[in-house]
Amino acid sequence: MITSRPTTPAATEIAPAEFLRRLGEAGEGPHDLASAALMLAALDRPEKNLAPLRAHLSEIADAVKAESHFARHAESGARALSSIIAAHYGYEGEREHYDDPLNADMIAVIERRRGLPVALGILYIHAARAGGMGACGLLSPGHFLLKLTLKGSEALIDPFNGGALVEREQISTPRFGVSDLILEPGAEEFADALSPVGD
């Protein structure tokens, strides 16, 4: 379970390029992925005031921290995440304009409450770790999923679909969730759908 404090440098007073340089030298992690994604987006949008966006990330983290305090296992932790990120804040996968670059830009994702599976996954990882859960991405077939761990239990969730719980059997089937998920080219090339993706 990943519960140690992120090794990422503090993002409050550092220019985006310097933050990212330090991040590159910080080792394997865990890292503050949400701040890293925000800083990457800020490189292309230097006029943006990041303070309200950082405050929003802190607000999500605090809400999950309070809610997940009552979670007894990863599945209830997953439900807490979903109720806050998807239900309360309204984050969802962008289906209509999936290929729009804004769906990967964390500034735009926060402002629009829509994004790609990885961008939304970063928000879920950020919130899950703040709530004391372990969280990592998975090499699922053509779609980014997350594994949460808590108190010796684990749960698989789909950040693109409102943090919905996913059964292992669904992932191991060819063309997992084809009716609900957007498969990417080369999806069949992933041999182990449950391999964790590092920070």
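Remember, it's a predicted structure, so these values are computed and weren't measured experimentally.

About the thresholds
- Residues numbered from 1 in each chain as written.
- Predicted model: local features only at pLDDT ≥ 70, side-chain atom pairs only at ≥ 80, totals over all residues.
- Heavy atoms only, no water.
- Helix = DSSP H or I, 4+ residues; strand = E, 2+ residues; numbered from the N terminus.
- Pairing = 2+ DSSP bridges.
- Core = buried A, V, L, I, M, F, W, Y, C linked by side-chain atoms within 4.5 Å.
- Buried < 20%, exposed > 50% of the residue type's maximum accessible area, 1.4 Å probe, protein only.
- Contact = heavy atoms within 4.5 Å.
- Lys, Arg positive; Asp, Glu negative; His and termini not counted.
- Salt bridge = Lys/Arg side-chain N within 4 Å of Asp/Glu carboxyl O.
- Polar contact = N/O pair within 3.5 Å; in protein donor to acceptor, adjacent residues only side chain to side chain.
- Axes fitted to C-alpha atoms, helices over the stretch in contact; angles between N-to-C directions.
- Nonpolar A, V, L, I, M, F, W, Y, C, P; charged D, E, K, R; others polar.
- Parallel < 35°, antiparallel > 145°, perpendicular 65-115°, else oblique.
- Left-handed = near helix turned anticlockwise from the far one by under 90°.
- pLDDT = per-residue confidence, 0-100.

Novice: Would you take a moment to explain the overall build of the protein chain for this structure?
Specialist: Looking only at helices and strands, the protein chain has 7 helices and 7 strands in total. Listed N to C, the secondary structure of the protein chain is α-α-α-α-β-α-β-α-β-β-β-β-α-β in terms of helices and strands.

Novice: For this particular structure, what's the right way to read the sheet that holds strand 5 (residues 153–158)?
Specialist: Adjacent strands of a sheet form backbone hydrogen bonds with each other and so pair up, either parallel or antiparallel. An order of 6-5-4-3-7 is seen for the 5 strands of this open sheet, with the pairing classed as antiparallel. This sheet does not close on itself; its edge strands, each paired only once, are strand 6 (164–166) and strand 7 (196–197). The pairing of strand 4 (residues 145–150) with strand 5 spans 5 bridges and is classified as antiparallel. Across the sheet, residue Leu148 finds its bridge partner in strand 5, namely Ala155.

Novice: Whenever I open this one, the nonpolar core confuses me. Can you help?
Specialist: In summary, soluble globular proteins display a tendency toward joint burial of nonpolar side chains. With 49 residues, the main nonpolar core has Leu38, Leu81, Tyr91, Met106 and Leu148 as its most contacted residues. In contact with Leu81, not counting residues within four places along its chain, are Val64, Ala86, Tyr124, Ala127, Ala128, Met133, Leu148 and Ile157. By size, the runner-up hydrophobic cluster in this structure holds 5 residues, among which are Leu138, Leu145, Leu156 and Ile171.

Novice: Quick question: what am I supposed to make of the environment of Arg54 here?
Specialist: Of note, Arg54 is situated in helix 3 (residues 51–68). For Arg54, a relative accessible area of 19% gives the class buried. Along the sequence, Arg54 and Ser35 sit 19 residues apart, while their C-alpha atoms lie 7.6 Å from each other.

Novice: Even after reading the chapter, I still don't get the pairing of strand 5, so can you show me in this structure?
Specialist: A regular strand places its side chains so that they alternate between the two faces of the sheet. What sits between the antiparallel neighbours strand 4 and strand 5 is a turn of 2 residues, in which Lys151 has the positive phi angle 50 degrees. Relative to strand 6, strand 5 runs antiparallel, the two being bridged by 3 bridges. By the bridge assignment for strand 6, Ile157 is matched with Leu165. Here strand 5 hands over to strand 6 after 5 residues, with Gly162 in that stretch at a positive phi of 70 degrees.

Novice: I'm lost on the side chain of Asp158 in this one. Help?
Specialist: Its place among the elements puts Asp158 in strand 5. The side chain of Asp158 sits in the buried core without any salt bridge; Arg95 is the nearest counter-charge, 6.3 Å away. Looking at Asp158, its side chain comes within polar contact range of the side chain of Asn161, at 2.5 Å.

Novice: Looking at this structure, how should I read the environment of His88?
Specialist: With respect to the helices and strands, His88 occurs in helix 4 (residues 74–88). Separated by 28 residues in the primary sequence, His88 and Ile60 place their C-alpha atoms 9.7 Å from one another.

Novice: Got a minute to help me understand the packing of helix 2 (residues 33–44) against helix 6 (residues 117–130) in this structure?
Specialist: To describe two helices that pack against each other, one gives the angle between their axes and the distance between the axes. At a minimum axis separation of 8 Å, helix 2 and helix 6 run at an interaxial angle of 145 degrees. Residue-level inspection shows Leu33, Ala34 and Ala37 of helix 2 in contact with helix 6, the latter providing Ile122, Ile125, His126 and Arg129. Taken together, the residues of the contact of helix 2 with helix 6 sort by class into 5 nonpolar, 1 polar and 1 charged.

Novice: I tried to follow the packing of helix 3 against helix 6 on my own but got confused; where do I start?
Specialist: Direction vectors running N to C along helix 3 and helix 6 enclose 50 degrees, while the axes themselves pass 8 Å from each other. In terms of their interaxial angle, helix 3 and helix 6 are classed as oblique. Where helix 3 crosses over helix 6, the handedness of that crossing is right-handed. Side by side, helix 3 and helix 6 meet where Leu57, Ile60, Ala61, Val64 and Lys65 of the first sit next to Leu123, His126, Ala127 and Ala130 of the second. Taken together, the residues of the contact of helix 3 with helix 6 break down into 7 nonpolar, 1 polar and 1 charged.

Novice: What exactly am I supposed to notice about the pairing of strand 3 (residues 134–138) here?
Specialist: Of all 5 residues in strand 3, 5 are buried; the element is thus mostly enclosed. The pairing of strand 3 with strand 4 spans 5 bridges and is antiparallel. Counted as the bridge partner of Gly137 is Leu146 from strand 4. Two strands pair when backbone bridges link them, and strand 3 and strand 7 are joined in this way by 2 bridges, in the antiparallel orientation.

Novice: Honestly, the confidence of the model for the protein chain in this entry has me stumped. Any pointers?
Specialist: In regions of low pLDDT, the predicted coordinates are not meant to be interpreted in detail. Residue-level pLDDT values for the protein chain average 84, and 82% of them are 70 or greater. Ranking the elements of the protein chain by mean pLDDT puts helix 7 (residues 168–172) last, at 72, and helix 5 (residues 106–112) first, at 97. Below a pLDDT of 50 lies the segment residues 1–7, which in the model reaches 22 contacts outside its immediate sequence neighbourhood of four places, other chains included. Segment residues 174–191 is flagged for pLDDT under 50; beyond a separation of four residues in sequence, or across chains, it makes 28 contacts in the model.

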